[in-house]
Amino acid sequence: MAIAPDSGRIAARFAALKAEGRGGLVTYITAGDPNYETGLEILLGLPDAGADIVEIGMPFTDPMADGPAIQAAGLRALHNGQTMKKTLAMATAFRAKHPETPLVLMGYYNPIYSYGVDRFLQDAIAAGIDGLIVVDLPPEEDAELCIPALQAGVNFIRLATPTTDDKRLPKVLQNTSGFVYYVSILGITGTKEIQADPVRGAVARIRRHTDLPIVVGFGIRTPDQAREISRAADAAVIGSAIIEQVKANLDDKGAPLPGCARAVLDYVAALADGVRS
Amino acid sequence: MQQLNSYRTGPDESGRFGLYGGRFVAETLMPLVLQVQQAYEDAKADPSFQAEIDYYAKHYVGRPSPLYFAKRMTEHLGGAKVYFKRDELNHTGSHKINNVMGQILLARRMGKTRIIAETGAGQHGVATATACALFDMPCKVYMGSVDVARQSPNVFRMKLLGAEVEAVESGSKTLKDALNEAMRDWVANVEDTFYIIGTVAGPHPYPAMVRDFQSVIGKETKEQMMEAEGRLPDTLVACIGGGSNAMGLFHPFLDDASVNIIGVEAAGKGIETGEHAASLTGGRPGVLHGNRMYLIQDDDGQVVEPYSISAGLDYPGIGPEHSWLKDTGRVTYASATDMDAIEAFQLCCKMEGIIPALEPSHALAHVMRIAPELPKDHIIVMNLCGRGDKDVTTIANLLGVKL
């Protein structure tokens, strides 16, 4: 590993999970979905609902690796005026309330590039961000953001996929820090059902190449799946299924119904019970 | 303008043309993108690959396309001599087939059994559906639902040719969303599927590969012009959406310093109105669809939906090599509005008996602007890259004619 930032909160959280003898729950929501206020209420409630690690999606008009649920969430957020500044403000509020829960920003490169890489890293650190997942920055483009992020002390969490073979894995893992995110399916988020057996095999394969914790996502929908996958790896990531709960609690104009945030957090609590049972 | 020894050496190993290009794709696709690059390198080194392309170009596509001296247009404009490179006479009615034949032959070499493509105006979709029929391969074409509505004859053509046309309802429902959806399909079907990208954009090696397949336009033009006039042309003009027809005409001439090269973007209702598709004039560098390029976007890096009467120019980005050529100053980029294009469209019909597509009508609009001011011995070549049958309904609506 070329540069290894202090994984701080992330490493501490995975150590705590190990001590508890269970897999973790990583939750994804899109920042500003369905609007800033409700989105913030959901975000701030996630740790108490049982999320071990929190990912915030930075909305983008053209999310090429995402399925319909996350695409729509991004457009709802943008339609309601979400910007990178507001996303970072949400992160700041989260960090003030939850000093220990790891917080990861996930999204696509262009909004970061447009904001300015150096300025983005500075503001992300100030907001208490622990790591970045940027879908369209493979190792071939490490000079863009990965290396600057590692140098600034922000973890750069890479995706490994079923197409990442043994020959390529070392390249993918080389500048990865914090944890490795294994994409369990060939496809986009929220579209295929996850199968536990191939995931176990893939996790074992990745473990031969790294000591970093491995989380698995894309295609987990139920508390049972969350439990099974979180044990097959170190944690399970759930995104689209949570976002569908947001959508189910909107009126026909897209405004949140009363109790929207509560309903989403109750769903997260059920997933959290799953990984803890 | 910065002077380089050669403008024809790009991209570098990482797929960059200066700042632009690259491989900004999800990890799932990355191994496949590297395979395509390797397969293309191997194919280029294999004379039988080029021989196969040449065979189909001659016997199926109908190349070489004529270089035609537009005598009446020249006399009407009263200045420079105007030539049309007649790529609208290709099988399927546009330059798109040049690239499709190259890519489908590569897909076959790689053992891929399923083809996907995106399309805006439908010309690339039709070309891809055609080649898939020829080689008996299943074909799925992604097309924004807005474009499906405004280019219905091409949708039907694709279906006749056996392709499945998927109307894309996500995002803004036009070309950029068709590309997103095609990439999502590709991610889910990497094992058996080859993605035939229609323009000089996307992750490396696509911009260079598509340019190479389209460069037949410029190579022929060079030879044909030597035969017709005994010298190089003075000015080249081509329209630009993603930029493939223009790159094909321009590339062989980039190191001929005496040749003035002009790309014409779609200014829609006027750049100042914000409703345009002129990425170079109204955009700034950004990353989308696997590469860095000039991109129409808002202050927060969100992609802004472009507008043009021409569905084929209605794209928020432009190929990385064009982006680089703009920054170096080797190519000049101008723009033409919807109204300019419609005027040029009508003039071309009446003066030359050619119904041009709305896309090259933008190029012709610029020729109409510059030719009158130039001396009579000045030679302009314009790429007439598509025929206008597909646009007849759009024009009729605009002129208030009921078909």
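Owing to the predicted nature of the structure, the values given are computational and were not obtained by experimental measurement.

**Here we look at the overall build of chain A**
Of regular secondary structure, chain A possesses twelve helices and nine strands. Since a compact globule built from 277 residues should have a radius of gyration of about 19 Å, the 17 Å found for chain A is in line with a globular shape. For chain A, the C-alpha atoms occupy an extent of roughly 50 × 40 × 35 Å along the three principal directions. Within chain A, the fraction of its 277 residues that count as buried is 64%. Long-range contacts, defined as pairs at least 24 residues apart, comprise 74% of the intrachain contacts of chain A with a sequence gap of at least 6. The distance from the centre of the 26 positive side-chain charges to the centre of the 32 negative ones in chain A is 2 Å.

**A closer look at the overall build of chain B**
Helix and strand counts for chain B stand at 16 helices and 14 strands. On C-alpha atoms alone, chain B measures out to a radius of gyration of 19 Å, which is about the 22 Å that the 2.2 N^0.38 rule sets for 403 residues. Considering only C-alpha atoms, chain B reaches an extent of 55 × 50 × 45 Å along its principal axes. In chain B, buried positions account for 65% of the 403 residues. Sequence-distant contacts, at least 24 apart, represent 73% of the contacts inside chain B between residues at least 6 apart. Counting every atom, chain B has about 13700 Å² of accessible surface; 52% of that belongs to carbon and sulfur. Chain B carries 38 positive and 49 negative side-chain charges, and their two centres are separated by 3 Å.

**With respect to the pairing of strand β1 (residues 24-30) of chain A**
Residue and element names in this part refer to chain A. Of all seven residues that make up β1, seven are buried, and the element is covered over most of its length. Burial along β1 is two-sided: Gly 24, Val 26, Tyr 28 and Thr 30 facing one way and Leu 25, Thr 27 and Ile 29 facing the other are all buried. Judged from the four bridges that link them, β1 and strand β9 (residues 235-238) form a sheet pairing that is parallel. Directly across from Leu 25, in β9, lies its bridge partner Ala 236. Where β1 meets strand β2 (residues 53-57), five bridges bridge the pair, whose relative direction is parallel. Its bridge partner being in β2, Val 26 is matched across the sheet by Ile 53. Handedness of the crossover joining β1 and β2 through helix α2 (residues 36-49) is recorded here as right-handed.

**Observations concerning the packing of α2(A) against helix α4 (residues 84-97) of chain A**
To describe two helices that pack against each other, one gives the angle between their axes and the distance between the axes. Residue and element names in this part refer to chain A. Contact geometry for α2 and α4: axes closest at 10 Å, N-to-C directions at 35 degrees. Handedness of the crossing formed by α2 with α4: right-handed. On the side of α2, the interface is formed by Tyr 36, Gly 39, Leu 40, Leu 43, Leu 44 and Pro 47, while α4 contributes Lys 86, Ala 89, Met 90, Ala 93, Phe 94 and Lys 97. By residue class, the composition of the contact of α2 with α4 is nine nonpolar, one polar and two charged.

**Quick word on the packing of aromatic side chains**
Residue and element names in this part refer to chain B. Counting across every chain of the model gives 17 aromatic pairs over all chains. Here Phe 69 and Tyr 83 contribute two aromatic rings whose centre-to-centre distance is 5.3 Å and whose plane-to-plane angle is 45 degrees, an arrangement assigned as tilted. Of this pair, Phe 69 sits in strand β3 (residues 67-69) while Tyr 83 sits in strand β4 (residues 81-85); the two residues are 14 residues apart in sequence, bridging distant segments of the chain. We classify Phe 69 as partly exposed; its relative accessible area is 27%. Consider the rings of Phe 194 and Tyr 206, whose centres lie 6.5 Å apart with planes at 55 degrees: the pair is tilted. Taken together, the residues span a long stretch of sequence, with Phe 194 in strand β8 (residues 193-196) and Tyr 206 in helix α9 (residues 206-214) at a distance of twelve residues. Residue class for Phe 194 comes out buried when judged on its relative accessible area of 1%. Chaining the aromatic ring pairs together yields one cluster made of Trp 186, Phe 194, Tyr 195 and Tyr 206. Note that Arg 86 overlies the ring of Tyr 68, its terminal NZ or CZ placed 5.5 Å from the centroid. The ring of Phe 253 is capped by Lys 222, whose NZ or CZ atom sits 5.3 Å from the centre of that ring.

**Details of the state of the cysteines**
All names here are of chain B. Per the stated rule, a full pass over the model turns up zero disulfides over all chains. With no disulfide of its own, Cys 239 has Cys 385 as its nearest cysteine by sulfur position, at a separation of 3.9 Å. The exposure class of Cys 385 is buried, given its relative accessible area of 4%.

**Brief notes about the nonpolar core**
Within the largest apolar cluster, 89 residues are counted, with the highest numbers of intra-cluster contacts made by Tyr181(A), Ile104(B), Leu106(B) and Tyr195(B). Sequence-distant contacts of Ile104(B), defined by excluding residues within four places in its chain, comprise Ile115(B), Ala131(B), Cys132(B), Phe135(B), Met137(B) and Ile196(B). The next biggest cluster of nonpolar side chains, apart from the first, holds 72 residues, and it includes Phe120(A), Cys146(A), Val268(A) and Leu271(A).

**So, the pairing of β9(A)**
Residues and elements named next belong to chain A. Across the two faces of β9 the burial is the same, with Ala 235 and Val 237 and Ala 236 and Ile 238 all buried. Pairing geometry for strand β8 (residues 214-217) and β9, over two bridges, is parallel. Bridge pairing in β9 places Val 215 opposite Ala 235. Handedness of the β8-helix α10 (residues 223-232)-β9 crossover: right-handed.

**Regarding the pattern of salt bridges**
Residues and elements named next belong to chain A. By the definition in use, this model includes 45 salt bridges over all chains. For Glu 244, the salt bridge identified is with Arg 221, shortest N-O distance 2.3 Å. Here Glu 244, found in helix α11 (residues 240-248), pairs with Arg 221, found in the loop between β8 and α10; they are 23 residues apart in sequence, far enough to count as distant. With relative accessibility at 32%, the residue Glu 244 sits in the partly exposed group. By sharing partners, the salt bridges in this structure join Glu 20, Arg 22, Asp 52 and Arg 276 into a single network.

**Here we look at a nonpolar patch on the surface**
Residues and elements named next belong to chain B. On the surface, Met 339, Ile 355, Val 392, Leu 398, Leu 399, Val 401 and Leu 403 cluster together into a nonpolar patch covering about 660 Å² of accessible area. With respect to the secondary-structure elements, Leu 398 resides in helix α16 (residues 392-398). Judged by relative accessible area, Leu 398 falls into the partly exposed class, the value being 41%.

**So, the sheet that holds strand β5 (residues 155-156) of chain A**
Two orientations exist for strands paired in a sheet by backbone hydrogen bonds: parallel and antiparallel. Residue and element names in this part refer to chain A. Pairing is parallel across the open sheet formed by nine strands, whose spatial order is β5-β4-β3-β2-β1-β9-β8-β7-β6. Of all strands in the sheet, those with a lone pairing partner are β5 and β6 (159-160), marking the two edges. Pairing geometry for β2 and strand β3 (residues 103-107), over four bridges, is parallel. The residue bridging Gly 57 from the neighbouring strand is Met 106, located in β3.

**What to know about the interface of chain B and chain A**
The partner chain A presents 37 residues to the 39 residues of chain B that form the contact. For the pair chain B and chain A, the two sides together bury roughly 2900 Å², of which 51% comes from carbon and sulfur. A per-residue breakdown of the area chain B buries against chain A is headed by Glu27(B), Arg184(B) and Gln302(B), which together make up 24% of the total. Taken together, chain B and chain A are joined by five salt bridges. Residue Arg292(B) pairs with Glu144(A) through a salt bridge whose shortest N-O separation is 2.5 Å.

So, how was this worked out
Residues numbered from 1 in each chain as written. Chains lettered and ligands numbered in written order. Predicted model: local features only at pLDDT ≥ 70, side-chain atom pairs only at ≥ 80, totals over all residues. Heavy atoms only, no water. Helix = DSSP H or I, 4+ residues; strand = E, 2+ residues; numbered from the N terminus. Rg over C-alpha atoms; globule rule 2.2 N^0.38 Å. Buried < 20%, exposed > 50% of the residue type's maximum accessible area, 1.4 Å probe, protein only. Contact = heavy atoms within 4.5 Å. Lys, Arg positive; Asp, Glu negative; His and termini not counted. Charge placed at Lys NZ, Arg CZ, Asp CG, Glu CD. Areas by Shrake-Rupley, 256 points an atom, 1.4 Å probe, with all protein chains shown as cover. Pairing = 2+ DSSP bridges. Right-handed = clockwise from strand over helix to strand, strands pointing away. Axes fitted to C-alpha atoms, helices over the stretch in contact; angles between N-to-C directions. Left-handed = near helix turned anticlockwise from the far one by under 90°. Nonpolar A, V, L, I, M, F, W, Y, C, P; charged D, E, K, R; others polar. Phe/Tyr/Trp six-rings, centres within 6.5 Å; stacked < 30°, edge-to-face > 60°. Lys NZ or Arg CZ within 6 Å of the ring centre and 35° of its normal. Disulfide = S-S within 2.5 Å. Core = buried A, V, L, I, M, F, W, Y, C linked by side-chain atoms within 4.5 Å. Salt bridge = Lys/Arg side-chain N within 4 Å of Asp/Glu carboxyl O. Patch = residues over 30% accessible without salt bridge, like charges linked within 9 Å, V, L, I, M, F, W, Y side chains within 5 Å. Buried area = accessible area lost by both parts, 1.4 Å probe.

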